[in-house]
Amino acid sequence: MPSVTVPGSVTSDNAEAVLQRELGSRFTVEPRDSSPDKFKVKLSTLSFATVRRDQHETDTTFHVHGGGFLIGRVFNEFGIARDVATALKKGFAA
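Below is a short write-up of the structure. (Residues numbered from 1 in each chain as written. Predicted model: local features only at pLDDT ≥ 70, side-chain atom pairs only at ≥ 80, totals over all residues. Heavy atoms only, no water.)

Comments concerning the overall build of the chain
The helix and strand tally for the chain stands at three helices and five strands. Moving toward the C terminus, one meets the helices and strands of the chain in the order β-α-β-β-β-β-α-α. Computed over its C-alpha atoms, the radius of gyration of the chain comes to 12 Å, within 12% of the 12 Å expected for a compact globule of 94 residues. In the chain, buried positions account for 40% of the 94 residues. Accessible surface computed for the chain: about 5700 Å², of which carbon and sulfur atoms make up 55%. Between the averaged position of the 12 positive side-chain charges in the chain and that of its 11 negative side-chain charges there is a distance of 7 Å. (Helix = DSSP H or I, 4+ residues; strand = E, 2+ residues; numbered from the N terminus. Rg over C-alpha atoms; globule rule 2.2 N^0.38 Å. Buried < 20%, exposed > 50% of the residue type's maximum accessible area, 1.4 Å probe, protein only. Areas by Shrake-Rupley, 256 points an atom, 1.4 Å probe, with all protein chains shown as cover. Lys, Arg positive; Asp, Glu negative; His and termini not counted. Charge placed at Lys NZ, Arg CZ, Asp CG, Glu CD.)

Right, here's the structure in full:
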């Protein structure tokens, strides 16, 4: 599970916008109804990742999990989850 920590306070809406910009139109970034601190990034029905935002006093940490069952989850941990983590790092580095 990749994690990315960025300085300052980052809202889920801001993170979703950064991911959509960095990943492009092939990916869909959508909020999770169950929690305002979680959202989903999808490339296809079988290729998706869930992102959880943890706000701290001086920074924000994003935990990225590959989605799916068994083999699909393992594949997504090493595929889309890493792509999402890289996009978060790149998007907030500027």
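Concerning the packing of aromatic side chains
A full pass over the atoms with the stated rule returns one aromatic pair. Ring plane angle 10° and centroid distance 6.1 Å describe the contact between Phe-62 and Phe-92, whose orientation is recorded as stacked. Of the two residues, Phe-62 is situated in strand β5 (residues 59–66) and Phe-92 in helix α3 (residues 80–93); the sequence distance between them amounts to 30 residues. Overall, Phe-62 belongs to the buried group, its relative accessible area being 0%. Sitting over the ring of Phe-48, Lys-40 keeps its end group 4.6 Å from the ring centre. (Phe/Tyr/Trp six-rings, centres within 6.5 Å; stacked < 30°, edge-to-face > 60°. Lys NZ or Arg CZ within 6 Å of the ring centre and 35° of its normal.)

With respect to α3
Taking 1.5 Å as the rise per residue, α3 with 14 residues should run 20 Å; its terminal C-alpha atoms sit 20 Å apart, in good agreement. Inspection of α3 places Ile-80, Ala-81, Val-84, Ala-85, Ala-87, Leu-88 and Gly-91 among the buried residues, and these make up the whole buried set. Here the buried residues of α3 occupy an arc of 160° about the axis, which is enough to place them on one side. Structural note: α3 exposes Lys-89, Lys-90 and Ala-93 on the side pointing more than 90 degrees away from its buried face. Next to the buried residues of α3 lie β1 (3–7), α1 (12–23), β3 (38–42), β4 (48–55), β5 and α2 (70–78). (Expected span 1.5 Å × (residues − 1). Arc of directions from axis to C-beta. Contact = heavy atoms within 4.5 Å.)

Digging into the pairing of β3
Sheet topology places strand β2 (residues 28–31) next to β3; four bridges connect them, and they run antiparallel. Residue pairing for β3: Pro-31 is matched across the bridge by Phe-39. Sheet analysis places β3 next to β4, joined by five bridges and oriented antiparallel. Within β4, the residue paired with Lys-42 across the bridge is Phe-48. The antiparallel pairing of β3 with β4 creates a hairpin that spans five residues between the two strands. (Pairing = 2+ DSSP bridges.)

Side note on the pairing of β1
Only one face of β1 is buried: it carries Val-4 and Val-6, and the other face, with Ser-3, Thr-5 and Pro-7, is open. Two elements, β1 and β5, share five bridges in a ladder whose sense is antiparallel. The residue of β5 that forms the bridge with Thr-5 is Thr-61.

Everything listed here is a matter of geometry and, on its own, says nothing about what the molecule does.
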